[in-house]
Amino acid sequence: IAPSRRRAALVALGALGGAGVGVVAHHLARWTLQGIFGQEIASVGGGWEGLVLGAAAGLGYAAGTAGPDGNSVRGRARLRAAALTGAACGLAGLLASWAGANLVGASLNTLARSFQGSQVQLAPVARLLGEAELGPVTRNALGLYEGTFFGFGLALGFTRRPR
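Everything numeric in this text was worked out from a predicted model, so none of it was measured. (Residues numbered from 1 in each chain as written. Predicted model: local features only at pLDDT ≥ 70, side-chain atom pairs only at ≥ 80, totals over all residues. Heavy atoms only, no water.)

Enquirer: Where do I start with the packing of helix 3 (residues 76-98) against helix 6 (residues 136-159) in this structure?
Expert: When two helices pack together, their arrangement is given by the angle between their axes and by how far apart the axes lie. Contact geometry for helix 3 and helix 6: axes closest at 6 Å, N-to-C directions at 150 degrees. As summarised for this structure, helix 3 and helix 6 are arranged roughly antiparallel, according to the angle between their axes. Read as a crossing pair, helix 3 and helix 6 show a hand that is right-handed. Among the residues forming the contact of helix 3 with helix 6, the class breakdown is 13 nonpolar, 11 polar and two charged. (Axes fitted to C-alpha atoms, helices over the stretch in contact; angles between N-to-C directions. Helix = DSSP H or I, 4+ residues; strand = E, 2+ residues; numbered from the N terminus. Parallel < 35°, antiparallel > 145°, perpendicular 65-115°, else oblique. Left-handed = near helix turned anticlockwise from the far one by under 90°. Nonpolar A, V, L, I, M, F, W, Y, C, P; charged D, E, K, R; others polar.)

Enquirer: Mind showing me how you'd approach helix 3 here?
Expert: Residues three or four positions apart in an α-helix share a direction because the helix packs 3.6 residues into each turn. The first and last C-alpha atoms of helix 3 sit 32 Å apart over 23 residues, in line with the 33 Å expected at 1.5 Å per residue. Among all positions of helix 3, only Ala81, Ala82, Thr85, Gly86, Ala88, Cys89, Gly90, Ala92, Gly93, Ala96 and Ser97 are buried. Tucked inside the fold, the buried residues of helix 3 contact helix 2 (47-64) and helix 6. Directly after helix 3, the chain includes Gly100, whose backbone phi takes a positive value near 105 degrees. (Expected span 1.5 Å × (residues − 1). Buried < 20%, exposed > 50% of the residue type's maximum accessible area, 1.4 Å probe, protein only. Contact = heavy atoms within 4.5 Å.)

Enquirer: For this particular structure, what's the right way to read the side chain of Thr138?
Expert: With respect to the helices and strands, Thr138 occurs in helix 6. Here Glu131 takes part through its side chain, which lies 2.4 Å from a polar atom of the side chain of Thr138. Once you skip the residues sitting within four places of it in the chain, Thr138 turns out to touch Val125, Ala126, Leu129, Glu131 and Glu133. (Polar contact = N/O pair within 3.5 Å; in protein donor to acceptor, adjacent residues only side chain to side chain.)

Enquirer: Before we go on, may I ask you to explain empty space enclosed by the protein in this structure?
Expert: The probe, sized like a water molecule, is rolled over the atoms to show the empty space still left. Evaluated as defined, the whole model comprises one cavity of 30 Å³ or more. Estimates place the volume of the largest cavity at around 40 Å³. As for the largest cavity, its lining consists of Ser97, Ala101, Leu103, Gly105, Ala106, Arg139, Leu142, Gly143 and Glu146. Sort the elements by how many residues they give to the lining of the largest cavity and helix 6 lands first, with four residues. (1 Å grid on protein atoms, 1.4 Å probe; cavity = no way out; pocket = protein on both sides within 12 Å on 5 of 7 lines; lining within 4 Å. Points joined across faces, edges and corners; volume = space filled by probe spheres on them.)

Enquirer: I'm lost on the layout of surface pockets in this one. Help?
Expert: Roughly 870 Å³ of volume is contained in the largest pocket. Sorting the residues of the lining of the largest pocket by element identifies helix 1 (3-37), helix 2, helix 4 (104-114) and helix 6 as the ones contributing at least two each. Here the lining of the largest pocket gets 13 residues from one element, more than from any other, and that element is helix 1. By residue class, the composition of the lining of the largest pocket is 19 nonpolar, 14 polar and three charged.

Set out below in structure tokens:
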């Protein structure tokens, strides 16, 4: 891809890939839960969340690897690329959660509530943030956390070069 179109291509293809993975994961999770446990869970994350995080990952990666060759980053440049991608995905996760999207933490909470007697809960995290249960502050904090670590790890993986 021509360098002038690299950023747009990374954002668009990141969004497309994220949306595709999100849709597939959403439907596989719903079908599995329905088939095995007879539970219908509609409010778990999916395509929209994947689209947002994928676009942010593409944008952060494009900004972090904007060198002459684009992908040969080593040492400090690799950490810079990971930090920029993590920051972009963290912001996207925060904004998506703020807009009502269900990322992993919120989806896990929804899933746990649908099974009577489940020991899985995010109330301890919510209490650390001043809420009794998973509320908007906790959801947004989890979105920021999830997005940041997803983007950081993704960029570290993409920029790893075997010796």
